[in-house]
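# Close look at the chain arrangement
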Amino acid sequence: GAGVSQSPSNKVTEKGKDVELRCDPISGHTALYWYRQRLGQGLEFLIYFQGNSAPDKSGLPSDRFSAERTGESVSTLTIQRTQQEDSAVYLCASSNSGGVFDTQYFGPGTRLTVL
Amino acid sequence: KQEVTQIPAALSVPEGENLVLNCSFTDSAIYNLQWFRQDPGKGLTSLLLIQSSQREQTSGRLNASLDKSSGRSTLYIAASQPGDSATYLCAVGTGRRALTFGSGTRLQVQP
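Reading the values: rules and limits
Residues numbered from 1 in each chain as written. Chains lettered and ligands numbered in written order. Predicted model: local features only at pLDDT ≥ 70, side-chain atom pairs only at ≥ 80, totals over all residues. Heavy atoms only, no water. Contact = heavy atoms within 4.5 Å. Buried area = accessible area lost by both parts, 1.4 Å probe. Salt bridge = Lys/Arg side-chain N within 4 Å of Asp/Glu carboxyl O. Polar contact = N/O pair within 3.5 Å; in protein donor to acceptor, adjacent residues only side chain to side chain. Nonpolar A, V, L, I, M, F, W, Y, C, P; charged D, E, K, R; others polar. Helix = DSSP H or I, 4+ residues; strand = E, 2+ residues; numbered from the N terminus. Core = buried A, V, L, I, M, F, W, Y, C linked by side-chain atoms within 4.5 Å. Buried < 20%, exposed > 50% of the residue type's maximum accessible area, 1.4 Å probe, protein only. Pairing = 2+ DSSP bridges. Axes fitted to C-alpha atoms, helices over the stretch in contact; angles between N-to-C directions.

Taken together, the 23 residues of chain A in the interface contact 22 residues of chain B. Of the roughly 1,700 Å² buried between chain A and chain B, counting both surfaces, carbon and sulfur atoms make up 56%. Counting the surface chain A buries against chain B, the share from its top three residues, Val100, Phe101 and Phe106 of chain A, is 32%. In this assembly, chain A and chain B are joined by 0 salt bridges. In this assembly, chain A and chain B are joined by 2 residue pairs in polar contact (both at pLDDT 80 or more). Of the residues assigned to the side of chain A that touches chain B, the class counts are 10 nonpolar, 11 polar and 2 charged.

Next up, the structure:
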């Protein structure tokens, strides 16, 4: 596709349920990033993939959060036993090679609301 | 730990005015600095990327400057238009790959 896509665009869930968020990066991009944006705040880094390995998962806030990536394609962010503080917009980005000078291209995000 | 601050948090100006958005960062060891635009319900759009060796970048009515030693960047928007209304985010890139973002400036341009 032309850009980064994410699904679903909106997700409402009940506290304690598990959710899966999906990201399709730009074709050919080897690097993929997940960020979280709470209301009125900037983006917080969660995890970075180079290919299907995750050299940096230091931003994952707890062991309820996990992510995987299939090859250099789709990534899934899973949140188990969701809590109200998990409510946020989850943004995915991809870049050509993951180099420090690369531009990151962002998807439209998934708005997660935990009731 | 790198921290990025954006001032002001919100700004409202009449159409046609020139304006400056400010971004400061605490650690000058950056590879690049990027300005993004965020519209409600949409993702981020990259506006300008300044590499650490550069002092400024220009695109149309936008000009971004970088003073790495003082930890500052400014985004200058000339002849503002209502379509410029959005949240503007500043982010710095370090060797860590992940970008560190400020909390944004919410701009409203009044027609």
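The rest of the description comes next.
Structurally, Thr78 of chain A is set in strand E8 (residues 75-79). With sequence-adjacent residues up to four places away left out, Thr78 of chain A is seen in contact with Val19, Glu20, Arg64, Phe65 and Ser66 of chain A.

Right, let's get into the nonpolar core. Residues and elements named next belong to chain B. The biggest cluster of nonpolar side chains holds 22 residues, and the ones touching the most others in it are Phe25, Leu33, Trp35, Leu75, Ile77, Tyr88 and Leu107. Counting only elements with at least two residues in this core, the list comes to strand E3 (19-25), strand E4 (32-38), strand E5 (44-51), strand E7 (62-67), strand E8 (72-77), strand E9 (86-93) and strand E11 (105-110). When neighbours within four sequence positions are excluded, Ile77 is seen to be in contact with Glu17, Asn18, Leu19, Arg61, Leu62, Asp84, Tyr88 and Leu107.

Attention now moves to the pattern of salt bridges. Residues and elements named next belong to chain A. Going through the model one piece at a time under the given rule, you end up with 6 salt bridges over all chains. A salt bridge links Glu44 to Arg38; the shortest N-O distance between them is 3.9 Å. A cluster of three or more residues bridged by salt bridges with shared partners is formed by Arg36, Arg38 and Glu44.

A separate point is the sheet that holds strand E1 (residues 4-7) of chain B. Residue and element names in this part refer to chain B. Judged by pairing direction, the sheet is antiparallel, and its 5 strands sit side by side in the order E1-E3-E8-E7-E6 without closing on themselves. The sheet terminates laterally at E1 and strand E6 (56-59), the two strands that pair on one side only. Neighbour-to-neighbour, the strand axes of this sheet turn through a mean angle of 15 degrees, independent of strand direction. In this structure, E1 lies alongside E3, joined through 4 bridges in antiparallel fashion. In the strand pairing of E3, Gln6 is matched with Cys23.

Note that every value here comes from positions in space, so none of it alone points to a role or purpose.
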